[in-house]
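Chain by chain, the residues run as shown.
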Amino acid sequence: MEISNRLKVFSFYVIFSYFILILSIKVLGPSKLVYPDDFPESCPDDSIKCVMIGPIPHRGDELTELRFNSSMEKVMIEVNNWVDSEPRTEIIGEWENHTHAVFTTQYLRFEDDFIVNGHCEDNFTILYVYSSSRLGISDLGLNEDRVEKFVNYLSNLEIPKEDC
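Residues numbered from 1 in each chain as written. Predicted model: local features only at pLDDT ≥ 70, side-chain atom pairs only at ≥ 80, totals over all residues. Heavy atoms only, no water.

1. Comments concerning the overall build of the chain
Okay, step 1: Along the chain, the regular secondary structure elements total 3 helices and 6 strands.
Okay, step 2: For the chain, the succession of helices and strands along the chain, N to C, is α-β-β-α-β-β-β-β-α.
Okay, step 3: For 164 residues, the compact-globule estimate of 2.2 N^0.38 gives 15 Å, and the C-alpha radius of gyration of the chain, at 19 Å, exceeds that figure by more than 25%.
Okay, step 4: By its C-alpha atoms, the chain is 75 × 30 × 25 Å across when sized along the principal axes. (Helix = DSSP H or I, 4+ residues; strand = E, 2+ residues; numbered from the N terminus. Rg over C-alpha atoms; globule rule 2.2 N^0.38 Å.)

What follows is the structure in structure tokens.
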């Protein structure tokens, strides 16, 4: 009986510690909506938790943009379709040219911001992408994998051709 009680106490402390850890992660990395005008210009130079496809690329195969010969509306629909198809993901802000989503890791519930911002240039829709962990010094490659998966998804779509 003594071993059974010790196991129960140990289990209780493990579960209690897990919930304290999750609560701490939520408190230390709160959600902050990024509006279209506040889209980040870059990632910190030495960051290993951030990926940027934009004028100042960081990781992400050094892509400076994603370019589509289609309307902003159709491209952003596909952006949101991809986000909605991913597990543990929530769109927390959506505009006609901008989506801010939050990806949550499975067990420890760390939150990563995934932001897509679009604009028109020479009748093409141009997308910039920013993905970053809120806490820690590394993302263990998750943001780079996420952005690569996103780029592959959009690259393999046949979006109807239209002027932006």
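Still more to cover.
2. Let's talk about unusual backbone geometry
Okay, step 1: For Arg88, which is not glycine, the phi torsion reads 55° and is therefore positive.
Okay, step 2: You can see Arg88 is positioned in the loop between helix 2 (72-85) and strand 3 (89-95).
Okay, step 3: One non-glycine residue with positive phi stands out, namely Asp122, at about 50°.
Okay, step 4: With respect to the secondary-structure elements, Asp122 resides in the loop between strand 5 (111-121) and strand 6 (124-133).
Okay, step 5: On the basis of relative accessibility, which here comes to 64%, the residue Asp122 falls in the exposed class. (Buried < 20%, exposed > 50% of the residue type's maximum accessible area, 1.4 Å probe, protein only.)

3. Looking at the state of the cysteines
Okay, step 1: This structure, assessed with the given rule, holds 2 disulfides.
Okay, step 2: Disulfide pairing is shown between Cys43 and Cys50; the S-S distance is 1.9 Å. When the S-S torsion is -65°, as for the bridge of Cys43 with Cys50, the disulfide is left-handed.
Okay, step 3: Once the disulfide-bonded cysteines of the chain are ranked by sequence position, their pairing pattern turns out to be 1-2, 3-4. (Disulfide = S-S within 2.5 Å.)

4. Concerning the pattern of salt bridges
Okay, step 1: Taken as a whole and assessed by the stated rule, the structure comprises 10 salt bridges.
Okay, step 2: Of the charged contacts, one joins Asp113 and Arg134 as a salt bridge, the two residues approaching to 2.9 Å between their closest N and O atoms. Of this pair, Asp113 sits in strand 5 while Arg134 sits in the loop between strand 6 and helix 3 (142-155), and the two are 21 residues apart along the sequence.
Okay, step 3: Owing to a relative accessible area of 16%, Arg134 belongs among the buried residues under this scheme. (Salt bridge = Lys/Arg side-chain N within 4 Å of Asp/Glu carboxyl O.)

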